[in-house]
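Coordinates in review
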Amino acid sequence: MLDMIKDTKSYGGEVFQICDYPPLEKATTEELKNIADYADFLEVKLEIGTRGINKEHLLHFKKIAETLRAKVVRTMLHTPDDKPSNAEACERLQSVLPFYKEANIQLSLETYEQVPTRQLIDIVCTLNHSHLGICLDPANTIASLEMPGDVIKNTAPFVNNLHVKDFHFTRHDGWVGFSLTGTSLGKGLLNTDLLMNSLNQKKNKELSAILEFWLPFQGTIEKTIEIEKKWIEESMNYLRRITT
C-alpha cells in the first residue's frame, strides 16, 4: 500500500483511491493511521472504495475514511448476494447520510453495467443530499449498451467522483464477436472533450480524477507491469493537458 502511494507521488498524482481492496476492511486503526500519515507526508490525498450499501458496512467504511482522512467513499449499489430495490436503497442511504455529512465525507455511487444509470440518478435525486452523488465511469456502462456520451451528459449534474478510463471496442479476428479493452488515456474512444466540458459546468465542487485501466494480460507479469507503467506516464501527461 505504501509503495503504491509513493508511486502515485512519483507520477505526479495528487490523489490515490484505495478501491475494492479487502485488507482495508480488516486493517487496524494503527495500520490505517500509518497509511494516512505517510500519504500526508507525501501530500497525497486518499479516497476509498467498496461495494454494497448495507448500513453497517457503510458506517464501517465511514470510520475507515475518517481514520485515513479520506473525503470520498465510492461504492456500488449491488453485491453478489444483495440487490436492493430503489426504495430499499433510498432507505439504507438515508440512514447513513447524516453520519457522512457530520464527517464531511462524500458518498459516491458508481455507474456500472449491473444497475441502469437512470436508477442511480433517481436515487440521488430522490434523496437530494449534499453528501451523496455519482461516481462517473463512462466505460463501465458499455456492457449494458448505455452509450458513454449519454451517461456523461445525464450524470454530470450529480457527479462527485470521477474514474477516467479510456477504451477500445474492436471486432475479433475473423469478425466474430468484439473485444472491449483498455488503452492509455487519449488513445481510445473516450470523449474526453465532452467529459471535461460537461463536468466543468459544475459549480463549487472539486472533483478528483482517478485513472483506471483495463489492461489485458501481456503474456507475463513483467511485460504487463511494463505496459502499465507506460500507460500511467502517458495518461498522466494527457490528463494534465486536458485539466489545466
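It should be noted that the structure appears before, not after, this text.
Keep in mind that this is a model prediction, so the values were computed, not measured. (Residues numbered from 1 in each chain as written. Predicted model: local features only at pLDDT ≥ 70, side-chain atom pairs only at ≥ 80, totals over all residues. Heavy atoms only, no water.)

**Regarding unusual backbone geometry**
Operational definition: Helix numbers and strand numbers start at the N terminus; a helix is a DSSP run of H or I with at least 4 residues, a strand a run of E with at least 2. Only protein chains enter the area calculation, which uses a 1.4 Å probe; residues under 20% of their type maximum are buried, those over 50% are exposed, and those in between are partly exposed.
A positive phi angle, close to 60 degrees, is found at Arg69, a residue other than glycine. Turning to its location among the elements, Arg69 is positioned in the loop between helix H4 (55-68) and strand S3 (72-75). Phi is positive for Asn128, which is not a glycine, with a value near 45 degrees. For Asn128, a relative accessible area of 68% gives the class exposed.

**Quick notes on helix H5 (residues 86-103)**
Short version of the rule: Given the number of residues in a helix, its expected span is that number minus one, multiplied by 1.5 Å. Throughout, a residue-residue contact means that at least one pair of heavy atoms, one from each residue, lies within 4.5 Å.
The end-to-end C-alpha distance of H5 is 25 Å, a good match for the 26 Å that 18 residues give at a rise of 1.5 Å each. Looking at H5, one finds that the buried residues are Ala89, Cys90, Leu93, Val96, Leu97, Tyr100 and Ala103. Residues of H5 that are buried in the fold lie against H4, S3, strand S4 (106-110), helix H6 (117-127) and strand S5 (132-136). Positioned one or two residues after H5, Asn104 has a phi angle of 55 degrees, which is positive.

**Examining the packing of helix H1 (residues 2-10) against helix H3 (residues 29-42)**
Heads up, the condition is: To obtain each axis, a line is fitted to C-alpha atoms, and for helices this fit is confined to the stretch in contact; angles are then taken between N-to-C directions over 0 to 180 degrees. Angle categories: roughly parallel below 35 degrees, roughly antiparallel above 145, roughly perpendicular from 65 to 115, and oblique for all the rest. Each crossing gets its handedness from the near helix: less than a right angle anticlockwise from the far helix is left-handed, clockwise is right-handed. When residues are sorted by character, Ala, Val, Leu, Ile, Met, Phe, Trp, Tyr, Cys and Pro go into the nonpolar class, Asp, Glu, Lys and Arg into the charged class, and all the rest, Gly among them, into the polar class.
H3 packs onto H1 with a crossing angle of 15 degrees between their chain directions and a minimal axis gap of 10 Å. Between H1 and H3, the angle is such that the two are roughly parallel. The way H1 lies across H3 gives a crossing that is right-handed. Contacts between H1 and H3 involve Leu2, Ile5, Lys6 and Lys9 from the first element and Ile35, Tyr38, Ala39 and Leu42 from the second. A class-by-class count of the residues in the contact of H1 with H3 yields 6 nonpolar, no polar and 2 charged.

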